[in-house]
Amino acid sequence: MCDLRRPAAGGMMDLAYVCEWEKWSKSSHCPSVPLACAWSCRNLIAFTMDLRSDDQDLTRMIHILDTEHPWDLHSIPSEHHEAITCLEWDQSGSRLLSADADGQIKCWSMADHLANSWESSVGSLVEGDPIVALSWLHNGVKLALHVEKMRRRVRGDHIPHGSGGQSGASSFGEKFSRVKFSPSLTLFGGKPMEGWIAVTVSGLVTVSLLKPSGQVLTSTESLCRLRGRVALADIAFTGGGNIVVATADGSSTSPVQFYKVCVSVVSEKCRIDTEILPSLFMRCTTDLNRKDKFPAITHLKFLARDMSEQVLLCASSQTSSIVECWSLRKEGLPVNNIFQQISPVVGDKQPTILKWRILSATNDLDRVSAVALPKLPISLTNTDLKVASDTQFYPGLGLALAFHDGSVHIVHRLSLQTMAVFYSSAAPRPVDEPAVKRLRSAGPAVHFKAMQLSWTSLALVGIDSQGKLSMLRLSPSMGHPLEVGLALRHLLFLLEYCMVTGYDWWDILLHVQPSMVQSLVEKLHEEYTRQTAALQQVLSTRILAMKASLCKLSPCTVTRVCDYHTKLFLIAISSTLKSLLRPHFLNTPDKSPGDRLTEICAKITDVDIDKVMINLKTEEFVLDMNTLQALQQLLQWVGDFVLYLLASLPNQGSLLRPGHSFLRDGTSLGMLRELMVVIRIWGLLKPSCLPVYTATSDTQDSMSLLFRLLTKLWICCRDEGPASEPDEALVDECCLLPSQLLIPSLDWLPASDGLVSRLQPKQPLRLQFGRAPTLPGSAATLQLDGLARAPGQPKIDHLRRLHLGACPTEECKACTRCGCVTMLKSPNRTTAVKQWEQRWIKNCLAVEGRGPDACMTNRAAEEVPAFVQLGPQSTHRPPRTPRSLDRPHPEDRP
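Conventions used here
- Residues numbered from 1 in each chain as written.
- Predicted model: local features only at pLDDT ≥ 70, side-chain atom pairs only at ≥ 80, totals over all residues.
- Heavy atoms only, no water.
- Patch = residues over 30% accessible without salt bridge, like charges linked within 9 Å, V, L, I, M, F, W, Y side chains within 5 Å.
- Areas by Shrake-Rupley, 256 points an atom, 1.4 Å probe, with all protein chains shown as cover.
- Salt bridge = Lys/Arg side-chain N within 4 Å of Asp/Glu carboxyl O.
- Helix = DSSP H or I, 4+ residues; strand = E, 2+ residues; numbered from the N terminus.
- Buried < 20%, exposed > 50% of the residue type's maximum accessible area, 1.4 Å probe, protein only.
- pLDDT = per-residue confidence, 0-100.
- Contact = heavy atoms within 4.5 Å.
- Pairing = 2+ DSSP bridges.
- Axes fitted to C-alpha atoms, helices over the stretch in contact; angles between N-to-C directions.
- Parallel < 35°, antiparallel > 145°, perpendicular 65-115°, else oblique.
- Left-handed = near helix turned anticlockwise from the far one by under 90°.
- Nonpolar A, V, L, I, M, F, W, Y, C, P; charged D, E, K, R; others polar.
- Expected span 1.5 Å × (residues − 1).
- Phe/Tyr/Trp six-rings, centres within 6.5 Å; stacked < 30°, edge-to-face > 60°.
- Core = buried A, V, L, I, M, F, W, Y, C linked by side-chain atoms within 4.5 Å.
- Arc of directions from axis to C-beta.

Caption draft 1: Focus on a nonpolar patch on the surface. A cluster of nonpolar residues, V622, M625 and L685, forms a patch on the protein surface that exposes about 230 Å² of accessible area. Tracing the chain through its elements places L685 in helix α15 (residues 666-685). Among the residues examined, L685 registers a relative accessible area of 33% and is labelled partly exposed.

Caption draft 2: Highlighting the confidence of the model for the protein. Scored by pLDDT, the protein has a mean of 82; 81% of the residues are at 70 or more. Ignoring residues within four places in sequence, the model shows residues 873-894, a span with pLDDT below 50, making 74 contacts including any to other chains.

Caption draft 3: The sheet that holds strand β14 (residues 204-210), seen in detail. Within the open sheet, the four strands sit side by side as β10-β13-β14-β15. Their pairing is antiparallel. This sheet does not close on itself; its edge strands, each paired only once, are β10 (131-136) and β15 (216-222). The average angle at which neighbouring strand axes cross in this sheet is 15°, direction not considered. By the bridge criterion, five bridges tie β10 to strand β13 (residues 194-200) in an arrangement that is antiparallel. By the bridge assignment, L134 is partnered in β13 with A198.

Caption draft 4: Just the packing of helix α6 (residues 484-501) against helix α8 (residues 514-529), in detail. Contact geometry for α6 and α8: axes closest at 10 Å, N-to-C directions at 45°. By the angle between their directions, the pair α6 and α8 is classed as oblique. Note that α6 runs across α8; the crossing there is right-handed. Where α6 approaches α8, its residues V484, A487, L488, L491, L492, L495, E496 and M499 are matched on the opposing element by M516, S519, L520, K523, L524 and E527. A per-class count over the contact of α6 with α8 returns ten nonpolar, one polar and three charged.

Caption draft 5: Fine view of the pairing of strand β1 (residues 13-20). Burial analysis of β1 places eight of its eight residues in the buried class, the great majority of the element. Sheet topology places β1 next to strand β32 (residues 469-474); six bridges connect them, and they run antiparallel. By the bridge assignment for β32, L15 is matched with L472. Of the pairings in the sheet, the one linking β1 to strand β33 (residues 765-768) comprises four bridges and is parallel in character. Each residue of the ladder has a partner; that of C19, found in β33, is L767.

Caption draft 6: Examining the sheet that holds strand β25 (residues 368-372) more closely. The four strands are arranged β25-β27-β28-β29 in an open sheet whose pairing can be described as antiparallel. Single-partner strands in this sheet number two, and they are β25 and β29 (418-423). Going from strand to strand, the sheet's axes swing by 20° on average, the running direction of each strand aside. The pairing of β25 with strand β27 (residues 398-403) spans four bridges and is classified as antiparallel. Looking across to β27, one finds that V368 is bridged to F403.

Caption draft 7: Region of interest: α6. In a regular helix each residue adds 1.5 Å, so 18 residues correspond to 26 Å; α6 covers 26 Å between its end C-alpha atoms and thus fits that length. Positive phi shows up at G502, right after α6, with a value of about 85°.

Caption draft 8: Structural context of the pattern of salt bridges. Throughout the structure, instances matching the rule amount to 30 salt bridges. Put simply, E194 and R95 hold a salt bridge, and the shortest N to O gap is 2.8 Å. Placement of the pair is E194 in strand β13 and R95 in strand β7 (residues 95-100), with a sequence separation of 99 residues. Here R800 and E837 are joined by a salt bridge, their closest N and O atoms 2.6 Å apart. Of this pair, R800 sits in the loop between β34 (795-797) and β35 (802-805) while E837 sits in helix α20 (residues 831-838), and the two are 37 residues apart along the sequence. For E837, a relative accessible area of 12% corresponds to the buried category.

Caption draft 9: Expanded view of the packing of aromatic side chains. Considering all chains together, one arrives at 16 aromatic pairs under this definition. Relative to Y503, the ring of W455 has its centre 5.3 Å away and its plane inclined at 65°; by these criteria the two rings are edge-to-face. Placement of the pair is W455 in the loop between β30 (448-453) and β31 (459-464) and Y503 in the loop between α6 and α7 (506-509), with a sequence separation of 48 residues. Its relative accessible area of 17% is what places W455 among the buried residues. Residue Y503 is classed as buried on the basis of its relative accessible area of 9%.

Caption draft 10: Broad picture of the nonpolar core. Ranked by internal contacts, the top residues of the largest apolar core, which has 144 residues, are Y17, F47, V677 and W682. Residue contributions to this core peak at eleven residues, all from α6. Not counting residues up to four positions away in its chain, the partners in contact with V677 are L597, C601, I609, V612, M613, L616 and F707. In terms of nonpolar packing, the next biggest core, distinct from the first, is built from 24 residues, L185, V207, C224 and I272 among them.

Caption draft 11: Structural detail: α20. Every buried residue of α20 is listed here: A832, V833, W836 and E837. Relative to the axis of α20, the buried residues are bounded by an arc of 135° and lie together on one face. Facing away from the buried side of α20 by over 90 degrees, the exposed positions are T831 and Q838. Tucked inside the fold, the buried residues of α20 contact α10 (558-579), α13 (625-630) and α14 (632-647).

Caption draft 12: Quick look at unusual backbone geometry. Even without glycine at this site, S267 takes up a positive phi of about 55°. Within the secondary structure, S267 sits in the loop between β18 (256-266) and β19 (269-280). For S267, a relative accessible area of 66% translates into the label exposed. Phi at S457 takes a positive value of approximately 65°, unusual for a residue other than glycine. By relative accessible area, which is 7% here, S457 ends up buried.

Caption draft 13: Spotlight on the pairing of strand β4 (residues 58-66). Of all nine residues making up β4, seven are buried, and the element is well covered by its neighbours. Two elements, strand β3 (residues 44-52) and β4, share nine bridges in a ladder whose sense is antiparallel. Looking at the pairing, M49 lines up with M61 of β4. Of the strand pairs in this sheet, β4 and strand β5 (residues 69-77) are connected by five bridges, and their pairing is antiparallel. What sits directly across from H63, in β5, is S75. Here β4 hands over to β5 after two residues, the two strands then running antiparallel side by side.

Caption draft 14: Representation of the environment of P183. Assignment of secondary structure puts P183 in the loop between β12 (176-178) and β13. Note: C-alpha distance between P183 and G240 (57 residues apart in sequence) is 7.9 Å. Residues in contact with P183, not counting those within four places in the same chain, are H138, N139, G140, P192 and G241.

Caption draft 15: Molecular detail of the packing of α6 against helix α9 (residues 533-551). It is the contact of α6 with α9, at a shortest axis distance of 10 Å, that shows an interaxial angle of 140°. As the angle between them shows, α6 and α9 are arranged oblique. Every pair of crossing elements has a handedness; the one defined by α6 and α9 is right-handed. Where α6 abuts α9, its residues L495, C498, M499, V500 and T501 lie against L539, R542, I543, M546 and L550. The residue inventory of the contact of α6 with α9, partitioned by class, reads eight nonpolar, one polar and one charged.

Dropping the structure here:
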């Protein structure tokens, strides 16, 4: 037995922020309803809360928010006629399932890839049969973290001589392995088939399959011949492609049943086959002293969606609960000696049987109100199972229990030993409220009705009985003294995991202190350079976005954010413009025109741009005149940036000046040099597409001047190793640039009102749904604001480089991470511009290259839905106070 009241040493869990509803002048509460909550891998949170209108009509609402902007809530009238019982995100984090007590299931997807615009076009129905469990079918992708590799990385253990002297595994393939896991159902060629599975209260299992044509195949089958009431259920998946369903009728004296479900498509129809698996009785019911103490099973959960061998059970009374963890094991059956003599059993031929064995159980606890399970796919070996009672804690090995007294416990998911405790009595105060003592209000304690852990288990969201949302930080090194070096290694390991999978890393940033930023960026770059060249190419933009988000957290590295942001934009422009080049003949050689351009520009170091052009096949650069004119804004940005860099060379000693890192980056300078050559050739075809410079002399060739100076600077740092210092003649020429050309002012960063860079340790914030707060700024945020446009200045389309004016008339969308603003509809219809804009339909610079398992699978992955629409929208706005879950509304009383 484990005592949850005794927290382990070193545990830490604190409140980051609270977001609540605006209060009316008089209290309003409505009858209690079920509450569902779900957290996606994109750090979007969905939860339910019902609303009552003046004429007493109920509207079942689904609220969706981004954890970076929790006050910017988007409310969807779900059109469910009964209470919503389940919410479930898919593995890409871009689609949401909702199910209600009338058997209706809806699939929600983003309209135009906007996080605040949702629509439901498909669904299924089991009429009149409430849904008690819901899940997407498994797509066969499972990337596991190895606990032993994590332990070696965190402890800093040395590996054997000859492996480079590095601690732990250096290859991402060693730290995060692709587990052999079959999809629940596959199409022709092995492609996973999408769909969902649900369990109803009457013991039915329903499966809906989404065909590529958009058609939905739905089938319903009984779990067993003798159907009974199902009060609780959960769904898990096996590596062989089967589905396991656990059910309970709500009584602790009844067995917990398990079923294997197989889904197939036969003659264009969905077929469901079920099989009964071994069942179990809770241990507390077999104890004579506790037989009648916990009459009801209140929570039934598999420890993970892809871990059907371990299940968590909670039995409760009116005032207390007990939690048990069970594991399904294969055990050998003893064979009688008589049968041994007739047919001896040798090796693996011994008969086996599956049995449920209890792993751990708690002592009597306060009544449990909610359970949150980790989503991090930890790979546990037999050694890890034997040391499950160890006090060591790693992200993904803990689960959360919420109690009616308002406390939250983080416990080891196998040993159930407490690692951290949080008490909700330490409520935050508003930013502008004086720190005065307030009397504790009488009545029942406010407690969480629903909880969810983030995908790295470093954050926990809870929705309490009054509809208030609380965001908790969970220490990455619970069970250990919180040493900076230990926490740093934990965070680095999880950042690498997010880099590989493409998951959003916002919850990791919650734990990064300004003093950690420099070390994290350096270590992350070291690990990146150890990977194969192919993997580095896949992760090249993703690591830049990750470095930019880290550098926002420290005043010492703020200017690097500008450089990383600009480099992402430069890479996007370079790849897009090169892709427009076409070979003159169809029987092309192995290299594309873009590759030949890179090779020739790297080989020829001549400072004369016209001599470099001679070595190129100019016929490959011929484009339509309208296309060249449509690209002028992007070409102008390239020319302005080259001029700014060269003019800032005399001030290269200033680390606080944006663009500093480019002066020593041979790769980026070479990229700019290639683009200058391309622009020069296109200028011969269409002079109006050239960048426009304001020069003091009408006869000056600005492009030739800038290319000559850029080439000299590139020669100093093009080779690997430490860059050589530019000679004094180059510096003197750059000093003269301001007297020859007007130096443009660049828009380095979009204005972002994100939360993570403004949160302070031990200083939780109180926010309000629907009202943007005035957040206190740190030294880092103040410097960031100084590099962005002021709110009153004219806005700019950051992706098209078009000026929108102070009050744009066009519909715009903004990135939820970096704040980039761009028009929702394209003002230009040329093919080249469409190709450029296609990059930004689903994501932005801050999330460039993200996508679940994008570099670990061979299939195309969906990108991050990073945008929200700006301005007035025809969507439902939530009233100032939602329904409460405990006390009735005065107007509802007879």
